[in-house]
Amino acid sequence: MSITKSAHNRVLPGFGLTLGYTIFYLSVIVLIPLSALFFKTATLSWGDFVATVISPRVIASFRLTFGAAIAAAVANAVFGTLVAWVLVRYRFPGKKLADALVDLPFALPTAVAGITLATVYSSNGWLGKYLEPLGIKVAFTPLGITVAMVFIGLPFVVRTVQPVLEELEPELEEAAACLGANRWQTIRRVLLPSITPAVITGFALAFARGVGEYGSIIFIAGNMPMKSEITPLLIITKLEQYDYAGATAIASVMLVISFVMLLVINILQKWSRRYAA
Amino acid sequence: MSIEVSGVSKQFGAFTALQDISLTVPSGELVALLGPSGCGKTTLLRIIAGLESPDRGEILFNGENAHDDVRERQVGFVFQHYALFRHMTVFDNVAFGLTVRPRKERPSKGAIRERVHELLKLIQLEGIADRYPAQLSGGQRQRVALARALAVEPKVLLLDEPFGALDAKVRIELRRWLRRLHDEIHVTSVFVTHDQEEALEVADRIVVMNKGKVEQQGTPDEVYSRPASPFVYSFLGTVNMFHARPQAGQTASTEHHSVGYARPHEIDVSRQDPGNGAIAVTVSRVLPLGAIVRLELARVDTGGLMEAEIPREKHEELWFTTGEQVYVSPKNLVVFVEDYQI
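Note that the coordinates shown come from a computational prediction; the quantities given were computed from them, not determined experimentally.

### Observations regarding unusual backbone geometry
Residues and elements named next belong to chain B.
And then number 1: Phi at His186 is positive, roughly 55°, even though this residue is not glycine.
And then number 2: Mapped onto the fold, His186 is located in the loop between helix 6 (168-185) and strand 8 (188-193).
And then number 3: For His186, a relative accessible area of 49% gives the class partly exposed.

### Focus: the sheet that holds strand 10 (residues 213-218) of chain B
All names here are of chain B.
And then number 1: Pairing within the open sheet is mixed, and its 6 strands lie in the order 6-7-8-3-9-10. Both outer strands of the open sheet, strand 6 (75-78) and strand 10, are each paired with one neighbouring strand and no more. Looking at each pair of strands side by side, their axes are set apart by 15° on average, direction ignored.
And then number 2: Relative to strand 8, strand 7 (residues 156-160) runs parallel, the two being bridged by 5 bridges.

### Focus: the pattern of salt bridges
And then number 1: Inspection of every chain in the model, using the stated rule, returns 28 salt bridges over all chains.
And then number 2: Note that Arg159(A) is salt-bridged to Asp99(A), the shortest N-O span being 3.2 Å. With a gap of 60 residues between them, Arg159(A) in helix 9 (residues 142-167) and Asp99(A) in helix 5 (residues 95-102) connect regions that are remote in the sequence.
And then number 3: Of the residues examined, Asp99(A) reaches a relative accessible area of 25% and is grouped as partly exposed.
And then number 4: A salt bridge links Lys41(B) to Glu161(B); the shortest N-O distance between them is 3.8 Å. In this pair, Lys41(B) is assigned in helix 1 (residues 41-49) and Glu161(B) in the loop between strand 7 and helix 6, connecting sequence segments 120 residues apart. In terms of burial, Lys41(B) and Glu161(B) fall into one category: buried.
And then number 5: Through salt bridges with shared partners, a single ionic network connects Arg175(B), Arg176(B), Asp195(B), Glu197(B) and Glu201(B).

About the cut-offs
- Residue positions within a chain follow its written sequence, with the count starting from 1.
- The order in which chains are written sets their letters, starting at A; the order in which ligands are written sets their numbers, starting at 1.
- With the structure being a predicted model, the display of local features is reserved for residues of pLDDT at least 70 and the display and counting of side-chain atom pairs for 80 or more, all residues being used for whole-chain, interface and lining totals.
- By convention in this description, side-chain values take in all heavy atoms of the structure and omit both hydrogens and water.
- By definition, any uninterrupted DSSP run of H or I lasting at least four residues is a helix, any uninterrupted run of E lasting at least two residues is a strand, and each is numbered from the N terminus.
- Burial status follows relative accessibility: with a 1.4 Å probe on protein chains alone, a residue under 20% of its type maximum counts as buried, one over 50% as exposed, and anything between as partly exposed.
- At least two DSSP bridges between two strands are required for those strands to pair.
- Axes here refer to lines fitted to C-alpha atoms; in helices the fit is confined to the stretch in contact. Angles between the N-to-C directions go from 0 to 180 degrees.
- Salt bridge, as applied in this entry: a Lys or Arg side-chain nitrogen positioned within 4 Å of an Asp or Glu carboxyl oxygen.

As structure tokens, this is what we get:
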């Protein structure tokens, strides 16, 4: 009642229409397919469901997928912010090119990325052959999975932090300097808190992308059960065995975990923006 | 702490922002740098602050070279758009300069709290220590910015168009408040403005700048009533110009051109021709503006526009009406001979 009433008082019409469209769109695109997932899962008995999702192989895949996605998102939050900083603050030859390069992981088919990464990091690849003697194996290990997730998640952090950095007034740094803050204090107490909300958003997007990534990872992961098998692959395996209910069971658990984590990140994000009126 | 600017020049690419500027700000005074936009006043202020370095010349504080590093220079700087730290409360903003000090010099938490509350009291915003800048009005934000700058007990206070982003009413309130504040704390202050009224009202001394040079410096009264150049004359208030034309029998000089200047209130208006070379004009508008009445006039001979201001009593006595012809003569004509420019 109060919603419709206030809607009538708006200057711009269309509240009812746009809200209706939003709900319809979200239902068709997100809600209905996802509820179908849960309905399919519900065909399992509770015992079967629990047995499926806590089987050691599934638990190992959850641990790997979420662990690697978090590690990759953390790496991207740090280095993506750095890339955004360099792209915003400095002028150098080839800057436009570097800027365009950031978006490449968005555009590249994930399989291409996976094959390329696997080739480069395999024991006789360009990078792998130097890393292997140091005892660092990337391809066909959990580390490789993280590398692939870092690759596909990079643009998210860069593209969310970049506009915020561009809008930061240079006066803030000058004000801090006039007040006696050194460079490090200015970064830690003035600049970083200002971009934290954007970094968290980028982190959340990169994390979500990493959790859902399939195409590029299966080429570099090696896909050994219990060791380097990600959850999406496990779901595909179940599907190939016509175990649809088992596949959806794993998928629903994954979905719930992702949803809770994104919710927590969103709350964190809101808290980091508490100063905005 | 006095400030001395000596022979400062600054170039941005091909653009000369400042050209051999020298001036002195005596200790404890409030000085206005006044000029049109692009005249170099903000650049000069930033050079005094150490945010910009001069190409030539130097800045002396109390006769000693000011520190090169802005952090060591101990200036308080107030920005036009406040530059408050958005993610910090008012309290943390004001306390910032104290909390970033090296541990040895940093006051205790209690001392910082006391100092911040003292400053919030000074800016009359005691109740809002826990608010964020986004929750304040423009005038409040600028006062917080001022308190933040004062917290570190700066040697000099520099304000860059401090009231420029505020609406007219708040601006007037805040500049009177700044004047009172300055009378209380007496820190040597320089503020930049393009608003002559603001400069005349607030400052002890005014430095008028144009095109990277100082045109004149002096008390508000000096620069207003004895302008040193045609630029100062026209920048500080409205002015009527009387172009001298070569009379019969005189040789017309082609290179020099003399112009007489008189302010609107320095114009005598009468119905009868006083016979001393008064100019015939027609009254095109009569604007009663409170204590004074402004007459917009058009010269009969050239059609050139003039303005005269007469006291209300005189207007009530003579009652000029639109369209009538009257005679004007300047009471106080200042003549400058300038290079002839087309």
